[in-house]
Amino acid sequence: MGLLQTALTAIYPPRCLGCGEMVDSDFGLCGACWGQTAFVGGTVCDICSTPLPGSVVDEVVHCDVCLRAPKPWKHGRAALIYTGMGRKLVLRLKHGDRQEIAKPAAGWMRQAVMDMAPENALIAPVPLHWMRLAKRRYNQSALIAKSLSDMTGLDACPDLLERPRKTPSLDGKTRGERADILDGAIRINPRRRHRIINRTVVLVDDVMTTGATLSACAEACRAAGATDVCVAVLARVAKDA
């Protein structure tokens, strides 16, 4: 560690992302906050990453919802369950201007992306409507996507997808209502269409609930010539959460 970095560390010691207590390294969680963070592990649905009962090794499994209504993407992975500290981190990143959370979020998602994405895959964030982007000043999904690209070496295209029509909040909406609201609301940026031909697109978002937004993005990518689509999210709303 250089002299300048040592001085900065002494003045601004690393703080826990959850509670603000001092920790050993930047972008970390203290023991107490780590214990409140539900990381996804064990047996999960290969499409939506919902935790499933049992212990299945080297076998692809799907949840009942994905069996009844398949998603328009091939694989899906989440790092956290959207509860406890996982929920707090998502909300702080999304609405609290805690942009520094994007880097550890990508770190937690990195291995899952490497496991499901081929070498020529293209990482793309779920887009925001320009009015929402102007109000928030940043797209939290694009921040995660940029860090994932840096960590994995995969190409990223922050403006691959566009959201030309402003849609109301999807909170509290049913699966069908979400699909109706998003119908035609997301499209491929015509200036970037050439980048996805015969490539797998890895869609990145902060949280997955029903998957309606990701479905709209995946359908747009497939229609524009993507070979496959995979999904990586920071947190998954579990059915029992």
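Rules and cut-offs
Residues take numbers from 1 onward in each chain, read along the sequence in its written order. Where local features are concerned, this predicted model is filtered to residues with pLDDT of at least 70; where side-chain atom pairs are given and counted, the filter is 80 or more; whole-chain, interface and lining totals use all residues. Excluded from the side-chain calculation are hydrogens and water; included are all heavy atoms of the structure. In DSSP terms, a helix is any run of H or I states spanning at least four residues, a strand is any run of E spanning at least two, and both are numbered starting from the N terminus. Radius of gyration means the value over C-alpha atoms here, while the globule rule gives 2.2 Å times the residue count to the 0.38 power. Each residue is placed in one exposure class: buried if its accessible area under a 1.4 Å probe, protein chains only, is under 20% of its type's maximum, exposed if it is over 50%, and partly exposed if it falls in between. For accessible areas, the Shrake-Rupley method is used with a probe of radius 1.4 Å. Any residue's cover is judged against the shown protein chains and nothing else. The charge count treats Lys and Arg as positive and Asp and Glu as negative. His and the chain ends do not count. All charge positions are set by atom: Lys at NZ, Arg at CZ, Asp at CG, Glu at CD. Put simply, buried Ala, Val, Leu, Ile, Met, Phe, Trp, Tyr and Cys residues joined by side-chain atoms within 4.5 Å make one nonpolar core. Contact criterion: two residues are considered in contact whenever any of their non-hydrogen atoms come within 4.5 Å of each other. Scored between 0 and 100, pLDDT is the confidence that the predictor attaches to each residue.

Turning to the overall build of the chain, a few remarks are in order. When helices and strands are counted, the chain shows nine helices and seven strands. For the chain, the C-alpha radius of gyration of 18 Å lies close to 18 Å, the compact-globule estimate for 241 residues. Viewed in the frame of its principal axes, the chain has a C-alpha envelope of about 55 × 45 × 35 Å. Looking at the chain as a whole, 47% of its 241 residues are labelled buried. Surface exposure of the chain reaches about 12300 Å², of which carbon and sulfur atoms provide 52%. Positive and negative side-chain charges of the chain, numbering 32 and 24 respectively, have mean locations separated by a distance of 6 Å.

Another point: unusual backbone geometry. The phi dihedral of Ser-49 is positive, around 70°, even though this residue is not glycine. One can find Ser-49 in the loop between helix 2 (31–35) and helix 3 (64–68). Residue Ser-49 is classed as buried on the basis of its relative accessible area of 1%. Of note, Asn-198 is a non-glycine position whose phi angle comes to about 60°, a positive value. Counting through the fold element by element, Asn-198 comes out in the loop between strand 5 (187–188) and strand 6 (200–208).

Let's shift gears to the nonpolar core. Judged by nonpolar contacts, the single largest core of 36 residues is most densely connected at Leu-160, Leu-161, Leu-203 and Cys-221. Counting only elements with at least two residues in this core, the list comes to helix 3, strand 2 (122–125), helix 8 (175–182), strand 6, helix 9 (212–223) and strand 7 (228–236). Not counting chain neighbours up to four residues away, the residues in contact with Cys-221 comprise Leu-160, Leu-161, Ile-188, Ile-196, Val-201, Leu-203, Ala-226 and Val-229. Val-23, Cys-30, Ala-105 and Ile-144 belong to the second-largest nonpolar core, a separate cluster that totals 34 residues.

Averaged over every residue, the pLDDT of the chain is 89; the share at 70 or more is 92%. Residue range residues 3–11 is modelled with pLDDT below 50. Its contacts to residues more than four positions away, or to other chains, number three contacts.

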